[in-house]
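Analysis of the macromolecular model
Residue strings, one per chain:
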Amino acid sequence: MRGYNSERMHGWKGWGLVTAIGLLSACGGDGKAGTMAIDSMNIELDDGFTYLVLEGRGFGEDAPQVVLTRVSDAETWTLPVSEFSSVRIRAALPATLSADWYVVEVRTLAGEVEAPLLALSGQDGADGVHCWDLDGDGEADLATEDRNGDGTVTVEDCKGTGAPGLHCWDLDGDGTQDASEDVNDDGLWNVLDCRGPAGADGFTSLLLLEDEPAGGSCPYGGSRLSIGIDWDRDGVLEGNEIDQVEFFCNGDGSGQDGLASLVTLSPEPAGANCPAGGKKIESGLDADRDGVLDPGEVASVSYICAGEIVNVLPEAPGANCAAGGMRVETGIDHNGSGVLDPGEIATVDFICHGIDGMAGTDGSTTLVTVQAEAPGSNCAYGGSLVRSGLDLNDNGVLDAGEETASAYLCHGADGAAGTDGLSSLVRVENEAPGPNCANGGTVIYAGLDDNLNGLLEAGEIDHTSFVCRGATGPAGSDGATSLIRLTDEPAGAHCAEGGTAIQVGLDTDADGVLDPGEITSTAYVCHGSDGTAYVCDEGEIRYVLCGLGNTGEQRQECDASHNWINVGTCDFGEDTSSCPAISLGFTQLTATAPSFACASHSVVAHGGELWVFDGNNVHHSPDGVSWTQEADAPYPAARCYHNAVSWLGKIWILAGDDGLNDVWSFEHGGAGWVREVAVAPFQERERAAAVVFLGDLYLMGGESTASYNSLNDIWRTSDGLLWTQVAAHAPWSVREGLGASILGSELTVVFGYPADDVWRSPDGNTWYQVVQDVEPLASRRAPLVTYDNRLWSLGGWATDAWFSEDGVTWCQGNESLGFLTGAWNAAVLFNGQIVLVGSSGQIYAAAY
């Protein structure tokens, strides 16, 4: 069993009720498996956690399952097992147990057995004071404490010592128990129905579309789109509330105008498109030229929902908009900065200008389709077929007769250790007088050594050039001889991989040597780059800067796996002298959430709800308290240790154990489940990191499910279909269970197993190390989120929380979370809080 027996797993936080444990009459004897039996049970406290220790025989060598059932209400817990052998099992007890009787059952591959009843008892604390006990004597005094005069002293009398006031549940103040005031629907009107008034509405994002007269912004007039926040809540976008302005200008009027591009805005009620309501944007071409966007002219519809931020940017003419237009980016301002950061972009839409026509009817739309190409004659290792053409029948489908061009994007062959690039070769020969050189000279042949024999053969020549002698003068001495000198060119500015320098000039002193002063021109023939299967050669040594804000250097050596390994000292990551006193407060949302099928699952915030994907089970919740189960996903039920990301208006599922490297998307209320890529070019993996950065989706690191080797490659996609390998081996070392998030404008990768460093990148391609050897967080497998402009590493195998404002200095915010998240907990930012989902189903919200 991977994970549980390789590192120590803590139990739940110890609870102070346990004072005795008793064994009564046996319920299972020596068990159902003949030789398997439980001989004794004990309670152990270790590092503040409480464990149940079972000793017996016949448990076997495989991981057991320990099930605890309370006798009074049959509530059941499956206990995390931290240690096991054939004669001893150690399992963590939950922190929520009450004093009661429990049945303990052990299930293994060898069989099942029940232990004698387990009795857990606790010591009662001192009695508190009833809210109606005004004098604190513990007695119900009718004369003074029966505030409502009903002859009894209960919580209904909790109104203070003044004149009888209104019940807190009496929302309309009429003294009558109205149906609407039974808030919790239990048939009673009491303090359990008391609630405060509704909070103030959030601020609305407004858009204003107006005519723009001819002038500096639009020489021939057009439209102005203003966007901003309705700070004074009056429903009107005023001048001081405008954050962005975009112009859509008319043509110059020459020739017949093309169809105008129209945009309309209308309110969108709360519903499936916008949970809290918002705005509906419709756009299309004005086919009947009446200045109104009719229903049949609508080409695209998008929504800007309450709570979202919108960026409207110019879009240059190109693939997205042939005649240019605007790019509309939308997303939720999770970190409350008032700015839509790259990692917060959820959808991207384009509103394109129409193209002026010369005359006659409108041109047909250009369509492009992309489909997978199986290995074969077109692509030896498979790839994609890209087809394009004009939609002549305007049906929105690229039919067979409409295709005008096609191209194949083929995968490269997998390399076990990479192949060296082909060398450039140069051959110089004499050229006899003739059409190429009237007076003779030299011919220079250049090309790649395709057959790797070190000779430039006739079929390998790619370039030919001539250096000709000057004509003989009519009289006098012979002209100077043209000389050529070839020298090796080291790797550098002229040739990144080295090559040959070709120097040419006239032998003016007739000594047969091309002296430096006689050189008239220099050209370079450069070697091709070697293959990039490995990042370095074994035994190679280099020095790199220690990190941001540190002037020292870190010595690195290349190991047998061709990865850079840090050697020496660069330990500047544990200075906590400047740490602010910040900690998170945790609120348990759900103690018994829907049953999760995996020890590791993924959680995303999407469409105003929390979504949990484990195995092929799908659950979602608007608040983390009440949950709804969707139909099972169509991929295998064994899909654990995978990644889920909210991106481009969908939820994307990537990788996972059981040898998976396909890509799925899920659109709730729309297309549903779609298998976007059956076999992605990236290697199958589990416990990787997936994050949206600069509008693209990145997949990094993890562990191969086939070889159990950790990875450090980086892959990127802009559409979920075509994937590009950014790096076969990142400069950071191999790791699984790593954390990834966006801090400021940079992508950050932290820790993982086995690692204790932090790396950042401004573009996903170039990386620099900001801290080395953060010893307290070494080999930490934990989710990473950005909350209040700070990175937070939460739980995982540990039970604490750490934060950093720059990725360099790490501070312990919570010494103990107060609960065990489990081996592979998940975390996401939701409604301004961090939401943690533990591997056993507990769900917590965390905030300052």
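The sections below set out a description of the structure shown in this document. Remember, predicted model here, so these are calculated numbers, not experimental data. (Residues numbered from 1 in each chain as written. Predicted model: local features only at pLDDT ≥ 70, side-chain atom pairs only at ≥ 80, totals over all residues. Heavy atoms only, no water.)

Attention now moves to the overall build of the chain. What the chain contains, in helices and strands, is one helix and 55 strands. Buried residues in the chain amount to 41% of all 848 residues. The contacts in the chain between residues at least 6 apart in sequence include a share of 48% that link residues at least 24 apart. As displayed, the chain offers around 41,400 Å² of accessible surface, 50% of which is attributable to carbon and sulfur atoms. (Helix = DSSP H or I, 4+ residues; strand = E, 2+ residues; numbered from the N terminus. Buried < 20%, exposed > 50% of the residue type's maximum accessible area, 1.4 Å probe, protein only. Contact = heavy atoms within 4.5 Å. Areas by Shrake-Rupley, 256 points an atom, 1.4 Å probe, with all protein chains shown as cover.)

Let us now look at the state of the cysteines. Within the structure shown, the criterion is met by two disulfides. Between the sulfur atoms of Cys-536 and its disulfide partner Cys-558 the distance amounts to 2.1 Å. Where Cys-536 bonds to Cys-558 through sulfur, the torsion about that S-S bond is close to 85 degrees, and the disulfide is right-handed. In this pair, Cys-536 is assigned in the loop between β28 (519-526) and β29 (541-547) and Cys-558 in strand β30 (residues 550-558), connecting sequence segments 22 residues apart. As far as burial versus exposure is concerned, Cys-536 and Cys-558 are alike and both buried. Between the sulfur atoms of Cys-579 and its disulfide mate Cys-811 the distance is 2.0 Å. One quick way to see it: the torsion about the S-S bond of Cys-579 and Cys-811 is about -85 degrees, and its sign makes the bridge left-handed. Residue Cys-579 is located in the loop between β31 (564-567) and β32 (585-590), and its partner Cys-811 is located in strand β52 (residues 811-814); the two are separated by 232 residues in the primary sequence. Given the relative accessible area of 5%, Cys-811 is considered buried. (Disulfide = S-S within 2.5 Å.)

So, on to the environment of Glu-105. As for its placement among the helices and strands, Glu-105 is situated in strand β8 (residues 100-108). Residue Glu-105 is classed as buried on the basis of its relative accessible area, which comes to 11%. Between the C-alpha atoms of Glu-105 and Pro-116, which are eleven residues apart in sequence, the distance is 9.4 Å. A distance of 3.2 Å separates the side chain of Glu-105 from the side chain of Arg-107, its partner in a polar contact. (Polar contact = N/O pair within 3.5 Å; in protein donor to acceptor, adjacent residues only side chain to side chain.)

Further remarks concern the sheet that holds strand β46 (residues 746-750). The strand order across the open sheet formed by four strands is β45-β46-β47-β48, and the pairing between neighbours is antiparallel. Two strands bound the open sheet, and with one partner strand each, they are β45 (739-743) and β48 (768-771). With direction set aside, neighbouring strand axes in the sheet form an average angle of 30 degrees. As defined by bridge partners, β45 adjoins β46 across five bridges and the pair is classed as antiparallel. Residue pairing in the sheet places Ser-741 in a bridge with Thr-748 of β46. (Pairing = 2+ DSSP bridges. Axes fitted to C-alpha atoms, helices over the stretch in contact; angles between N-to-C directions.)

This paragraph deals with the pattern of salt bridges. Tallying each qualifying case throughout the model produces 24 salt bridges. Between Arg-780 and Asp-800 there is a salt bridge, and its shortest N-O distance comes to 3.1 Å. Within this pair, whereas Arg-780 is found in the loop between β48 and β49 (784-787), its partner Asp-800 is found in the loop between β50 (790-794) and β51 (801-804), the two being separated by 20 residues in sequence. Exposure class is identical for Arg-780 and Asp-800. Each is buried. Three or more residues are tied together by salt bridges with common partners; here these are Glu-44, Asp-46, Glu-55, Glu-83, Arg-88 and Arg-90. (Salt bridge = Lys/Arg side-chain N within 4 Å of Asp/Glu carboxyl O.)

Structurally, Phe-830 can be placed in strand β53 (residues 826-830). Taking relative accessible area as the criterion, Phe-830 reaches 6% and is therefore assigned buried. A C-alpha to C-alpha distance of 9.9 Å links Phe-830 and Ile-332, two positions 498 residues apart in sequence. Setting aside residues up to four positions removed in sequence, Phe-830 forms contacts with Ala-605, Gly-608, Glu-609, Leu-610, Pro-622, Asp-623 and Val-835.

As defined by bridge partners, strand β43 (residues 710-717) adjoins strand β44 (residues 723-727) across four bridges and the pair is classed as antiparallel. The residue of β44 that forms the bridge with Arg-716 is Thr-724.

Moving on, we get to the sheet that holds β44. Judged by pairing direction, the sheet is antiparallel, and its four strands sit side by side in the order β41-β42-β43-β44 without closing on themselves. Taken across any chain shown, the strands that pair with only one partner, and hence form the sheet edges, are β41 (689-693) and β44. On average, each strand axis in the sheet is inclined to that of its neighbour by 25 degrees, with strand direction left out of account.

Attention now moves to unusual backbone geometry. Cis geometry marks the peptide bond from Tyr-753 to Pro-754, where omega comes out at -5 degrees. Positionally, Pro-754 belongs in the loop between β46 and β47 (758-761). Even without being a glycine, Asp-185 presents a positive backbone phi close to 55 degrees. Along the chain, the position of Asp-185 falls in the loop between α1 (142-145) and β11 (205-212). Residues other than glycine seldom take positive phi values, yet Leu-648 does so here, at roughly 55 degrees.

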